[in-house]
Amino acid sequence: MDASTLTERYVAAALRTVPEHQRADIGEELRGSIADQIDARVEGGEERDAAERAVLTDLGDPDKLAADYLDRPLWLVGPRYYLDWLRLLKVLLWIVPLCAAFGVTLGQVLTGATPGEGIGAVVSVVLAVIVHVCFWVTLVFFILERTGHQTTDPTPWTPDRLPEPRATGAKFVDLVCALIILAVVAGAIVWDQLLGLVRLGGEWMPALDPRLWPWWIAGLFVLMAAEAILAVVVYARRSWTLGTAIVKAVLNILIAVPALWLLWDQRLINPEVLSRLSDLAGETVFGPAGIVVVIIGLAIAVVAVWDTIDGFLKARRSR
Amino acid sequence: MTEDDLLETHLQELRRGTVVLACLRLLAQPGYGYGLLEDLERHGFSTDANTLYPLLRRLEKQGYLTSEWNTDEARPRKFYRTSAAGLRLAAALTHESRAIAAAIDALPEED
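Numbers given for residues are sequential positions, taken from 1 along each chain in its written order. As a convention, the first chain written is A and the first ligand written is 1, with the rest following in written order. Reporting of local features is limited, given that this is a predicted model, to residues whose pLDDT is at least 70; pairs of side-chain atoms are given and counted only at 80 or more, and all residues count toward the totals for whole chains, interfaces and linings. Side-chain numbers come from the whole structure's heavy atoms, not from hydrogens or water.

Draft legend 1. The overall build of chain B, seen in detail. Each helix corresponds to a stretch of at least 4 residues labelled H or I by DSSP, and each strand to a stretch of at least 2 residues labelled E; elements are numbered beginning at the N terminus. When you go through chain B residue by residue, the secondary structure sums to four helices and three strands. Throughout, exposure labels follow a simple rule: accessible area from a 1.4 Å probe, protein chains only, divided by the maximum for the residue type, with under 20% read as buried, over 50% as exposed, and the rest as partly exposed. Evaluated residue by residue, chain B yields a buried proportion of 30% over its 111 residues. The long-range fraction of contacts in chain B, counting pairs at least 24 apart against all pairs at least 6 apart in sequence, stands at 42%. Areas reported here follow the Shrake-Rupley algorithm with a probe of radius 1.4 Å; residue values treat only the protein chains shown as occluding. Looking at chain B as shown, the accessible area adds up to about 7,500 Å², and 52% of this sits on carbon and sulfur atoms. Contacts: residue pairs with any heavy atoms within 4.5 Å of one another.

Below, the structure written as structure tokens:
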């Protein structure tokens, strides 16, 4: 047979992706069917070349035809897995890049990188992590789709799986929790200044720098009182609004930025505590720029950012 | 998408299952790809070649059709024939489509 005719080229293209053992059978049938269709058109008065061209045009893309023959999916992740794929991807994209960003930030600060280097490293790692998560999750589902598993979760859906209504954050229990936490923190700070919360070398000493007393601590108490008032206002209105979320953000900035600045300036943690701990475990762990200090700084930043985002999320949800 | 395209999509969806039924009924007498394509056309089940050929393979794989190569003539052809299971499926599909037609007739009349 002349391999250069359009029909032969079409059949060869279609068979390219067909498994070896089915090739002869499918190829022979396809070739015969095309010839039959061409003959019918020629009998109807068409030129043979034009008829061949028309028949092949009607059959369409040979790769698609081969996929139909073999029941092969023509999609990356089809309807059977799409929802599982989407849900898993969403969960992982919330968790993994955040963890990576936290880890890289910690590493950059500890190795003494400049802010520019640090931000560059975090951004590039987070982008790479996002690409990796998307790629590998999709690859796993691509393989699942083509190896004939049913679904990742074989139990049928029931109404019990409906998501719980989202917390408004403006219930009485939220108010009580907020006030209790503020009271406990205030009590702990006073206790720390008067009697000390850390016990080292047989004596109690304050964890916070005693030089913060009285003005810095007083300032903190004013801001905490404002937080308490904010919690009461939110409860009174029964919902978060854009306004209360902004106030919350401002309060977080007013607390976190001075705290970080004091930490950086070695005026937040009691230097007596740091030096004694450094004697015990080494400068790199507890010293002025040690791991523990860096972790405290990151924790302050993460809590402030998260609390701020949480306020805006609740405000958006209650619209 | 224009209204004509939408109409065509809906018609195709409605016809999809009926092609299987028509194939199973027509192939009670053995037939090959192109011959069946013409038979379908003649009986009012116009189908594209690139839909029919893969469909025949699928039905064969599911056990509703059997096949056999006929090499007596100049052009070798693969003949398909409806199996016993295929005949049962055809009966069930015929029954169901009649029920659907009756149900459609029983729907409130348009003005």
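Draft legend 2. The sheet that holds strand β1 (residues 31-32) of chain B, seen in detail. Reading across the sheet, the three strands line up as β1-β3-β2 (chain B) and stay open at both edges, with antiparallel pairing between neighbours. Every interior strand has two partners, whereas the edge strands, β1 and β2 (65-70) of chain B, have only one. Bridging between β2(B) and strand β3 (residues 77-82) of chain B involves six bridges; their strand directions are antiparallel. The partner of B:Glu68 across the bridge, within β3(B), is B:Phe79. Note on geometry: axes are C-alpha line fits, over the in-contact stretch for helices, and angles between N-to-C directions span 0 to 180 degrees. Packing against the sheet, helix α2 (residues 20-43) of chain A makes contact with β1, β2 and β3 of chain B, and its axis sits at approximately 100 degrees to β3(B). Pairing between strands is defined by DSSP: at least two bridges between them are needed.

Draft legend 3. Spotlight on helix α4 (residues 84-105) of chain B. Residue and element names in this part refer to chain B. The span expected for a helix works out to 1.5 Å for each residue beyond the first. Look at α4: 32 Å from first C-alpha to last across 22 residues, which is about the 32 Å you get at 1.5 Å a residue. Listing the buried residues of α4 in full gives Gly86, Ala90 and Thr94. Projected onto a plane normal to the axis of α4, the buried residues spread over an arc of 80 degrees and lie on a single side. Opposite the buried face of α4, at more than 90 degrees from it, the exposed residues are Arg88 and His95. Check the buried side of α4 and you find it contacts α1 (3-26) and β3. Each direction from the helix axis to a C-beta atom contributes to the arc, which is the arc of those directions.

Draft legend 4. Seen up close, the nonpolar core. For the purposes of this section, nonpolar cores are sets of buried Ala, Val, Leu, Ile, Met, Phe, Trp, Tyr and Cys residues that join through side-chain atoms within 4.5 Å. By size, the foremost hydrophobic cluster in this structure holds 36 residues, and its most contacted members are A:Leu30, A:Ile34, A:Leu59, B:Leu52 and B:Tyr53. Those elements giving two or more residues to this core turn out to be α1 (6-15), α2, α3 (48-59) and α4 (62-69) of chain A together with α1, α2 (33-42) and α3 (49-61) of chain B. Of all the elements, α3(B) adds the most residues to this core, at six residues. Among all residues touching B:Leu52, those that are not within four sequence positions of it are B:Cys23, B:Gly33, B:Leu36, B:Leu37, B:Leu40 and B:Thr47.

Draft legend 5. Main features of the side chain of A:Asp36. As for its placement among the helices and strands, A:Asp36 is situated in helix α2. Among the polar contacts made by the side chain of A:Asp36, one reaches the side chain of B:Arg77 at a distance of 2.5 Å. The contacts of A:Asp36, once residues within four sequence positions are left out, are B:Tyr32, B:Tyr34, B:Arg75 and B:Arg77. Between N or O atoms, a polar contact is any pair within 3.5 Å; within protein, one atom must be a potential hydrogen donor and the other a potential acceptor, and residues adjacent in sequence are included only when both atoms are from side chains.

Draft legend 6. Structural view of the side chain of A:Asp310. Residues and elements named next belong to chain A. Mapped onto the elements, aspartate 310 comes out in helix α12 (residues 291-317). Take aspartate 310: its relative accessible area is 19%, and that puts it in the buried class. Reaching out from aspartate 310, the side chain makes a polar contact with the side chain of lysine 314 at a distance of 2.8 Å.

Draft legend 7. Quick look at the packing of aromatic side chains. Each pair of aromatic rings taken from Phe, Tyr and Trp, with Trp reduced to its six-membered ring, is defined by centres within 6.5 Å and is described as stacked if the planes are under 30 degrees apart, edge-to-face if over 60, and tilted in the remaining cases. One pass over the structure, following the stated rule, counts six aromatic pairs over all chains. Charges are assigned to positions over rings by a cutoff of 6 Å between ring centre and Lys NZ or Arg CZ, combined with an angular limit of 35 degrees from the ring normal. A cation sits over an aromatic face here: A:Arg238 above A:Tyr235, 4.4 Å from the ring centre. A cation over a ring is seen here: B:Arg77 above B:Tyr32, with NZ or CZ 4.3 Å from the ring centre.

Draft legend 8. View of the environment of B:Arg58. Tracing the chain through its elements places B:Arg58 in helix α3. A residue is classified by how much of its surface remains accessible, and B:Arg58, at 27% relative accessible area, is partly exposed. In this structure B:Arg58 touches A:Asp68 and A:Asp71, once residues within four positions along its chain are discounted. A polar contact is formed between the side chain of B:Arg58 and the side chain of A:Asp71, at a distance of 3.2 Å.

Draft legend 9. A look at the environment of A:Ile130. Residues and elements named next belong to chain A. Relative to the helices and strands, isoleucine 130 is located in helix α6 (residues 115-146). A relative accessible area of 31% places isoleucine 130 in the partly exposed class. Sequence separation between isoleucine 130 and leucine 92 is 38 residues, and the spatial gap between their C-alpha atoms is 9.1 Å. What isoleucine 130 contacts, discounting residues up to four positions off in sequence, is Leu93 and Pro97.

Draft legend 10. Region of the structure containing the packing of helix α5 (residues 79-110) of chain A against α12(A). Residues and elements named next belong to chain A. Relative orientation of the contacting elements α5 and α12 amounts to 135 degrees, with a least axis distance of 10 Å. Overall, the two elements α5 and α12 adopt an arrangement that is oblique. Viewed along their axes, α5 and α12 form a crossing whose handedness is right-handed. Residue-level contacts link Phe102, Thr105, Leu106, Val109 and Leu110 of α5 to Ile291, Val294, Ile295, Leu298 and Val302 of α12. Looking at the contact of α5 with α12 residue by residue, the class counts come to nine nonpolar, one polar and no charged. Between 65 and 115 degrees an angle is taken as roughly perpendicular, under 35 as roughly parallel, over 145 as roughly antiparallel, and anywhere else as oblique. With the far helix as reference, a near helix turned anticlockwise by less than a right angle produces a left-handed crossing, and one turned clockwise produces a right-handed crossing. When residue character is reported, Ala, Val, Leu, Ile, Met, Phe, Trp, Tyr, Cys and Pro are called nonpolar, Asp, Glu, Lys and Arg charged, and the others, Gly included, polar.

Draft legend 11. Quick peek at unusual backbone geometry. Residues and elements named next belong to chain A. Going from tryptophan 213 to proline 214, the amide bond is cis rather than trans, its omega being 0 degrees. Considering the arrangement of structural elements, one finds proline 214 in the loop between β2 (203-205) and α8 (215-237). Unusually for a residue other than glycine, aspartate 71 sits at a positive phi of about 55 degrees. Positive phi, normally seen in glycine, also occurs at glutamine 266, with a value near 60 degrees. Position of glutamine 266 among the secondary structure elements: in the loop between α9 (242-264) and α10 (271-281). By relative accessible area, glutamine 266 is classed as partly exposed at 47%.

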